[in-house]
Amino acid sequence: MTQPTHIRRVPDTFRVLDAYSCIGGATKGYQRIPGVHVTGVDIQAQPDYCGDVFHQGDAIEFIRAHGHEFDFIHASPPCQGEGAPTKGTNAARNAAIGRTYPRLIAPTRAALEATGRPYVMENVAGSEVRKDIRLCGEQFGLGVLMHRYFELGRWTTAQPTHPKHRGYVRGCRHGIWRDGPYVAAYGKGGGKATVPEIRWAKGIDWSTDHLRLREALPPAYTEWIGRAFLASRADLRMVA
């Protein structure tokens, strides 16, 4: 993918920045909306990235330098240090072996706010993102539950209905095996999802990288977010 020194304006398109893009699970959702052009940025090389332009570099620095050039910014800071297992169940073990994780939500928020652009920041339940919207795979008929929370900056929309789950997540938990309509798209062993199962469950067909697939958002989530944002702006124009 092209690694630009600056961001060129693409005529007649809606320009989205996907920060911490990974392989582009979020990117693909925005791309499903006609007229959307997505630039991804990630600290690591992402040969499977599916967007229009990719820049390898520090996401926060990129937002500070170029965020104002986009119409909308999506950010998914690393979640490994944010969830309940890291803060609770695994805290003592991590401390014993010196394992730490970056905590980037606050500096990412500061960079996003400084751009003056509308944004969404996504993370897990135990994180410090504001819980403006919660999305779940069951809302989109997916094979994962994967509850994720979205902080909305400079725009708002209504929380969609959260349907009742149809059953268990398949796998072994606390020594008990359960079958169910959903797979566990994280870790390995204990009945957790294989690469083909994660691809099916999340609706991702362009990568076979097990770790990246586990980290990626289902595209259905960000297609919903993108359409909700555009609808909110259309409503504002109608009121004006």
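The rules behind the values
- Residues numbered from 1 in each chain as written.
- Predicted model: local features only at pLDDT ≥ 70, side-chain atom pairs only at ≥ 80, totals over all residues.
- Heavy atoms only, no water.
- Salt bridge = Lys/Arg side-chain N within 4 Å of Asp/Glu carboxyl O.
- Helix = DSSP H or I, 4+ residues; strand = E, 2+ residues; numbered from the N terminus.
- Buried < 20%, exposed > 50% of the residue type's maximum accessible area, 1.4 Å probe, protein only.
- Arc of directions from axis to C-beta.
- Axes fitted to C-alpha atoms, helices over the stretch in contact; angles between N-to-C directions.
- Parallel < 35°, antiparallel > 145°, perpendicular 65-115°, else oblique.
- Contact = heavy atoms within 4.5 Å.
- Pairing = 2+ DSSP bridges.
- Right-handed = clockwise from strand over helix to strand, strands pointing away.
- Core = buried A, V, L, I, M, F, W, Y, C linked by side-chain atoms within 4.5 Å.
- pLDDT = per-residue confidence, 0-100.

Draft legend 1. Here's a closer look at the pattern of salt bridges. Overall, the coordinates contain 11 salt bridges when judged by the stated rule. A salt bridge links Arg15 to Asp71; its shortest N-O distance comes to 3.2 Å. With Arg15 in strand β1 (residues 14–19) and Asp71 in the loop between α2 (59–66) and β4 (72–75), this pair connects stretches of sequence that are 56 residues apart. Both residues of the pair, Arg15 and Asp71, count as buried. Connected through salt bridges with shared partners, the residues Arg109, Arg130, Asp132 and Glu151 form a single ionic network.

Draft legend 2. Looking closely at helix α6 (residues 195–202). Where α6 is concerned, the buried positions are Ile198, Ala201 and Lys202. All buried residues of α6 lie within an arc of 85° about the axis, which places them on one face of the element. Residues of α6 that are exposed and point more than 90 degrees away from the buried face comprise Pro196 and Trp200. Two residues or fewer after α6 comes Gly203, characterised by a positive phi angle close to 75°.

Draft legend 3. Looking closely at the packing of α2 against helix α5 (residues 105–115). Packing of α2 against α5 leaves a shortest axis separation of 8 Å and a crossing angle of 10°. As far as their axial angle goes, α5 and α2 are roughly parallel. Note on element contacts: α5 touches α2 through Pro107, Thr108, Ala111, Leu112 and Thr115, opposite Ile60, Ile63 and Arg64.

Draft legend 4. Highlighting the sheet that holds β1. In space, the seven strands of this open sheet follow the order β3-β2-β1-β4-β5-β7-β6, with mixed pairing throughout. Of all strands in the sheet, those bounded by a partner on one side alone are β3 (53–56) and β6 (133–135). Mean inter-strand twist for the sheet, computed between neighbouring axes without regard to direction, equals 20°. Sheet topology places β1 next to strand β2 (residues 36–42); six bridges connect them, and they run parallel. Pairing of Ala19 across the sheet is with Val41, part of β2. Of the strands in this sheet, β4, β5 (119–123) and β7 (148–153) are in contact with α5, which crosses β5 at around 170°.

Draft legend 5. A look at the pairing of β2. Counted residue by residue, β2 has seven buried out of seven residues, so it is predominantly covered. In β2, alternate side chains face the same way, and those of Val36, Val38, Gly40 and Asp42 on one face and His37, Thr39 and Val41 on the other are all buried. A crossover connection joins β1 to the parallel β2 through helix α1 (residues 25–31); in handedness this β-α-β unit is right-handed. For β2 and β3, the ladder comprises four bridges, and the chain directions are parallel. Counterpart to Thr39 in the pairing with β3 is Val53.

Draft legend 6. Expanded view of the nonpolar core. Counting 36 residues, the largest nonpolar core has Tyr30, Phe72, Phe150 and Ile225 as its most contacted members. Mapped by element, the contributors of at least two residues to this core are α1, β2, β6, β7, α6 and α8 (219–239). Not counting chain neighbours up to four residues away, the residues in contact with Ile225 comprise Tyr30, Phe72, Val120, Leu135, Phe150 and Trp155.

Draft legend 7. Structural view of the confidence of the model for the protein. When the pLDDT values of the protein are averaged, the result is 90; 84% of them are 70 or greater. In this model, residues 1–5 is a region of pLDDT below 50 whose contacts with residues beyond four sequence positions or in other chains number 12 contacts.

Draft legend 8. Here's a closer look at the environment of Ile33. Within the secondary structure layout, Ile33 lies in the loop between α1 and β2. As for Ile33 and Leu230, which are separated by 197 residues in sequence, their C-alpha atoms are 9.9 Å apart. What Ile33 contacts, discounting residues up to four positions off in sequence, is Glu223, Gly226, Arg227 and Leu230.

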